[in-house]
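Architecture at a glance
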Amino acid sequence: MEIKKTSKQYDVIIVGSGAGGGMATKVLSEAGLKVAVVESGPYYDPANPDQMTQLKWAWQSPRRGAGTTRPFGDFDQAYGGWDIDGEPYTQKNDTNFRWFRSRMLGGRTNHWGRISLRFGPNDFKKKSMDGLGEDWPITYEDLRPYYDKVDKLIGVFGTKENLYNDPDGFFLPPPKPRLHELYYIKAARKADIKVIPSRLSVITKRINNDRGVCFYCNGCARSCNVYADFSSGSCLIFPAQNAGGQIDLYVNSMVRTVETNFEGKATGVSYINKDDGNEYKLNGKVVVLAASACSSARILLNSKSKQHPNGLGNSSDLVGKYLHDSTGGDMMAFLPQLTNRKIYNEDGVGGMHVYSPWWLDNKKLDFPRGYHIEVWGGMGAPTYGTGFNVNHFNKFFGLKAGGYGDVLRSDMKKYYGSTIGFSGRGESVAMKSNYCEIDPNKVDKYGVPVLRFNYKWTDYEIKQAKHMQDTFEEIIHNMGGQPLWNKPGIESNYGLTKPGEIIHEVGTTRMGKNPKDSVVDQFERMHDVDNVFVVDAGPFVSQADKNPTWTIMALAWRASDHIVSEFKKQNF
Amino acid sequence: MKRRDSIKTITLGAIGASYLLNGCYGVTQEKIKRSLTRYKYGRTPQEKLYDDKLFSQEFFTDEELTILNKLCNLILPPNDYGSIEEAEVVQLIEFMAKDIPSYQKPLRDGIDWINEQSELNFNQKFIDISENSQKQIIDKIAYYDPNLDMNDLPDEVQWFNLLRNLTLTGYFTSEVGIKELGYKGNSPNVWDGVPQEVLDDHGLSYDEEWLSKFVDQSKRLDTAKWDEDGNLIS
């Protein structure tokens, strides 16, 4: 195929427009650099009425919001999912890795849970603490100023709690807990589990004049049309454009490779324009990969040349290795005290108003690393599935279920809003044996070789998942609830989610001091190629029991500052 | 001859009567098509194509739709808030049968089963027997022991459960159904905690030490400012 070249020359080409790519776009363009942002999906603006799903009702969808075409339902704002037509991935051995991709401007930031947790001091030196994995080449103090800047720029609600490994930031005030959350607080405290207000990037108090203030529709997964939640487009890329930044957006453009010259330095990227099927090349002095941990690894591994025979920047053979996702375990319960509820609007923000950060000391436990607990429930908006098994909870009263007629109406009202759910989200240990690589035998519909995954949870994660279930059991008991399904046992790894399902995949281009055992340096610059940076979650050395987005952005801001200073020194 | 075909042959004579009833229940493929042009819910072009493809297909026959409509009305009879027809429940079932093709066989087999029962017991198609007779058939499959696994129960019990699920979800996700349920959200508002009377009913309260930390909704539009230690000062 002929590659069409453009004569345009960019200072920086940014691949991907999610949390990392958006932050790089903002910082680099504000420094006066000319940037191209290459995004594999379409243009997306949460305020565009043709794309908007916020405030839609179930009946406005012919499937009442069911999850047939979008995995989290019709109104969720992720264009993509674990399975995308024509873009397969494969598995090695008995792996079942689940790779979620969202192909749109802003990527997965449009639908995520907005749980915005900084890593704590311990999270950067886990090897020093428990001998497993590797320490980061930076400390919390290195990243702290960037976390502070991210808090102030983007907005996150929370409370000062003085918890050593869950550091405080610059918080907006949190919303009051809902009824089921008050029950959770009481029951969790009885089990000596700490509960604090959530830390979510939702604007509960005005932060600037470009962004609206939350109006409590619970629709953050639908992306907010007044920009009161964090999405990369609305909070980073659009403001950067409005500030006069020199930014060219290339949408529906799937990057295939990073192009290099005879010295092995990057000269730009080649991408496939999904609209016309042709391949194009863009020229840039610096390439910033922010396509997501696995997509960036795929681009690097597909960028083979005489100078980089093992894939770009892969002399360590570690690109794709140390892939790890958060652990996950869930349980749900029926609360008899929440039957026949008085109905009022308890939508709140799009997520829980309280949560439990990791509260135990692993020295006293049979597994390393911790997890936090998210809590959910309430009188949510009816959508496809509401009313299924309408009176199944009759079993808790020794009654038959089913039937027909007006009794089903009263059953519906009796049990509406009577459940509570718990999700443990924890840290796994990064293993070299968990990785993605190029499948030599398969290409996607654009002709690009696809990823193949090899992943196996270890005893560490399985034991952690067991602990989650024991904890949920105790909390449910303390609140007088009835679990909705049997406690999962060893046969199902205690309900441990499949790797990839929590959508926190990180680690594929990990950072370190030594080029032999890491892919990028502390500024996310590739050891082997000094004009290529990776600013998604690929550089994470370890995951922490925190959601990755806030750390992706703090690191991307720090890397971008470094790129700007290198430009000033005329090093590119 | 397949069971379904045999039933078709047996019941051919009764079709005339069913057609007359269509007028009462009013759900036909023609009407379904007309009602499906109004959906606007932020689709991508590919998603829109997929929806359009499903809209252009017909799964249930008009006769089957009539039976479904009758069954849905037995499951949730109309009241002052609304009806199966206003909630467009049968339209939803037709759509879901195409959207989730694994629904097709059980839904259709169930309709065949209930016609078969009607023929056996009353010598007429289900739609042509009295409501009392219809209920006599349904009574045999409508209840189940919730301690058992649904998959272990007879096919017809599973079918009726599926139909009950689709009916309930269809009604309570419709405009009239949500109104009847009383759901108050999905609209701009200001959350300021659980109403006091509800807290009292449950014997719960907000922690004194927490109260000062929550958002003061009267100052939500004042721009946030912090001191250098991260204390909010606005």
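Residues numbered from 1 in each chain as written. Chains lettered and ligands numbered in written order. Predicted model: local features only at pLDDT ≥ 70, side-chain atom pairs only at ≥ 80, totals over all residues. Heavy atoms only, no water.

**Observations regarding the overall build of chain A**
In terms of regular secondary structure, chain A is built from 9 helices and 19 strands. In summary, chain A has a C-alpha radius of gyration of 24 Å against a globular reference of 25 Å for 572 residues, a match within 12%. Once the C-alpha set of chain A is aligned to its principal axes, its extents read approximately 75 × 55 × 45 Å. Looking at the 572 residues of chain A, the share that counts as buried comes to 67%. Expressed as a percentage of contacts within chain A between residues at least 6 apart in sequence, the contacts between residues at least 24 apart total 73%. Accessible surface for chain A amounts to roughly 19,200 Å². Of this, 48% is attributable to carbon and sulfur atoms. In chain A, 71 positive and 64 negative side-chain charges are present, and the distance between their average locations comes to 2 Å. (Helix = DSSP H or I, 4+ residues; strand = E, 2+ residues; numbered from the N terminus. Rg over C-alpha atoms; globule rule 2.2 N^0.38 Å. Buried < 20%, exposed > 50% of the residue type's maximum accessible area, 1.4 Å probe, protein only. Contact = heavy atoms within 4.5 Å. Areas by Shrake-Rupley, 256 points an atom, 1.4 Å probe, with all protein chains shown as cover. Lys, Arg positive; Asp, Glu negative; His and termini not counted. Charge placed at Lys NZ, Arg CZ, Asp CG, Glu CD.)

**What about the environment of B:Leu92?**
Relative to the assigned elements, B:Leu92 resides in helix 6 (residues 89-99). Owing to a relative accessible area of 2%, B:Leu92 belongs among the buried residues under this scheme. Between the C-alpha atoms of B:Leu92 and B:Lys184, which are 92 residues apart in sequence, the distance is 23 Å. When neighbours within four sequence positions are excluded, B:Leu92 is seen to be in contact with A:Pro62, A:Arg63, A:Arg64, B:Leu166, B:Thr169 and B:Gly170.

**A few points about the packing of aromatic side chains**
Residue and element names in this part refer to chain A. The tally for this structure, following the rule as stated, stands at 49 aromatic pairs over all chains. For the ring pair Trp-112 and Phe-230, a centre distance of 6.1 Å and an interplane angle of 85° mean the geometry is edge-to-face. Here Trp-112, found in the loop between strand 5 (101-102) and helix 2 (126-130), pairs with Phe-230, found in the loop between strand 6 (196-197) and helix 5 (232-242); they are 118 residues apart in sequence, far enough to count as distant. Summarising the burial analysis for this pair, Trp-112 and Phe-230 share the class buried. Residues Phe-334 and Phe-397 carry aromatic rings whose centres are separated by 6.1 Å and whose planes lie at 80° to one another, so their mutual orientation is edge-to-face. Taken together, the positions of Phe-334 in strand 11 (residues 327-334) and Phe-397 in the loop between strand 13 (371-377) and strand 14 (401-402) put the pair 63 residues apart, joining distant regions of the chain. Residue Phe-397 is classed as partly exposed on the basis of its relative accessible area of 40%. Taken together through their ring pairs, the aromatic side chains of Tyr-89, Phe-97, Trp-99, Phe-453, Tyr-455 and Trp-457 make up a single cluster. A cation sits over an aromatic face here: Lys-152 above Phe-170, 4.1 Å from the ring centre. Seen from the ring of Phe-397, Lys-414 lies directly overhead, with NZ or CZ sitting 4.6 Å from the centre. (Phe/Tyr/Trp six-rings, centres within 6.5 Å; stacked < 30°, edge-to-face > 60°. Lys NZ or Arg CZ within 6 Å of the ring centre and 35° of its normal.)

**Section: the side chain of A:Thr419**
Residues and elements named next belong to chain A. By secondary structure assignment, the location of Thr-419 is in strand 15 (residues 419-426). Assessed through its relative accessible area of 18%, Thr-419 is described here as buried. Excluding its chain neighbours within four sequence positions, the residues that come into contact with Thr-419 are Met-332, Ala-333, Phe-334, Gly-377, Gly-378, Phe-393 and Leu-484.

**Considerations on the state of the cysteines**
Evaluation of the coordinates by the stated rule reveals 0 disulfides over all chains. Free cysteine: A:Cys294, not disulfide-bonded; nearest cysteine sulfur from A:Cys436 at 4.3 Å. (Disulfide = S-S within 2.5 Å.)

**As for the sheet that holds strand 16 (residues 435-443) of chain A**
Residue and element names in this part refer to chain A. Judged by pairing direction, the sheet is mixed, and its 3 strands sit side by side in the order 4-17-16 without closing on themselves. Where the open sheet ends on each side, the last strands, each with one partner, are strand 4 (90-91) and strand 16. Bridging between strand 16 and strand 17 (residues 449-454) involves 5 bridges; their strand directions are antiparallel. Bridge pairing links Val-443 to Pro-449 in strand 17. The sheet strands contacting helix 6 (residues 293-302) are strand 16 and strand 17, and the helix crosses strand 16 at an angle near 60°. (Pairing = 2+ DSSP bridges. Axes fitted to C-alpha atoms, helices over the stretch in contact; angles between N-to-C directions.)

**What about helix 9 (residues 549-568) of chain A?**
Residue and element names in this part refer to chain A. Between its terminal C-alpha atoms helix 9 stretches 29 Å, which fits the 28 Å expected from 20 residues at 1.5 Å a residue. Most of helix 9 sits out of view: 17 of its 20 residues are buried. Count one or two residues on from helix 9 and you reach Gln-570, which has phi positive near 55°. (Expected span 1.5 Å × (residues − 1).)

**Topic: the interface of chain B and chain A**
It is common to report an interface's size as the accessible area lost on association of the parts. Between chain B and chain A, the contact holds 92 residues from the first and 92 residues from the second. Between chain B and chain A, the buried area comes to about 8,100 Å², and carbon and sulfur atoms account for 60% of it. Counting across the chain B and chain A interface gives 11 salt bridges. Across the pair A:Lys342 and B:Asp201 runs a salt bridge, and its minimum N-O distance is 2.8 Å. Connecting chain B to chain A are 52 residue pairs in polar contact (both at pLDDT 80 or more). Per element, the largest residue contribution to the side of chain B that touches chain A is 10 residues, and it comes from helix 9 (residues 155-172) of chain B. Classifying every residue of the side of chain B that touches chain A by side-chain character gives 44 nonpolar, 24 polar and 24 charged. Pairing geometry for strand 14 of chain A and strand 1 (residues 143-144) of chain B, over 2 bridges, is antiparallel. Bridging across to strand 1 of chain B, A:Ala401 finds its partner in B:Tyr144. (Buried area = accessible area lost by both parts, 1.4 Å probe. Salt bridge = Lys/Arg side-chain N within 4 Å of Asp/Glu carboxyl O. Polar contact = N/O pair within 3.5 Å; in protein donor to acceptor, adjacent residues only side chain to side chain. Nonpolar A, V, L, I, M, F, W, Y, C, P; charged D, E, K, R; others polar.)

**Notes on the confidence of the model for chain B**
Residue and element names in this part refer to chain B. Averaged over all residues, the pLDDT of chain B is 88; the fraction at 70 or higher stands at 85%. Across residues 1-25 the pLDDT falls below 50, and counting only partners more than four positions away or on other chains, this stretch makes 33 contacts in the model. For this predicted complex, the interface confidence score (ipTM) comes to 0.95, while the overall pTM stands at 0.94. (pLDDT = per-residue confidence, 0-100.)

**A closer look at unusual backbone geometry**
Note: most peptide bonds trans; most residues except glycine with negative phi. Positive phi is not limited to glycine here, since A:Tyr227 has a value of about 60°. Take A:Tyr227: it is sitting in the loop between strand 6 and helix 5.

**Here's the deal with the layout of surface pockets**
Estimates place the volume of the second largest pocket at around 890 Å³. Along the walls of the second largest pocket sit 27 residues, with A:Tyr79, A:Ile84, B:Thr44, B:Gln46 and B:Glu47 positioned nearest its centre. Across the lining of the second largest pocket, the residue classes tally to 7 nonpolar, 10 polar and 10 charged. (1 Å grid on protein atoms, 1.4 Å probe; cavity = no way out; pocket = protein on both sides within 12 Å on 5 of 7 lines; lining within 4 Å. Points joined across faces, edges and corners; volume = space filled by probe spheres on them.)

**Digging into empty space enclosed by the protein**
Residues and elements named next belong to chain A. The tally for this structure, following the rule as stated, stands at 3 cavities of 30 Å³ or more. As for the largest cavity, its lining consists of 15 residues, and the residues nearest its centre are Gln-54, Cys-214, Cys-217, Cys-220 and Cys-224. Each residue belonging to the lining of the largest cavity can be placed in one class, and the counts come to 9 nonpolar, 5 polar and 1 charged. The calculated volume of the second largest cavity comes to roughly 60 Å³. Lining the second largest cavity are Ser-116, Leu-117, Arg-118, Asp-151, Val-156, Asp-166, Pro-167, Phe-171, Arg-199, Tyr-355, Lys-546 and Trp-550. When its residues are assigned to classes, the lining of the second largest cavity shows 6 nonpolar, 1 polar and 5 charged.

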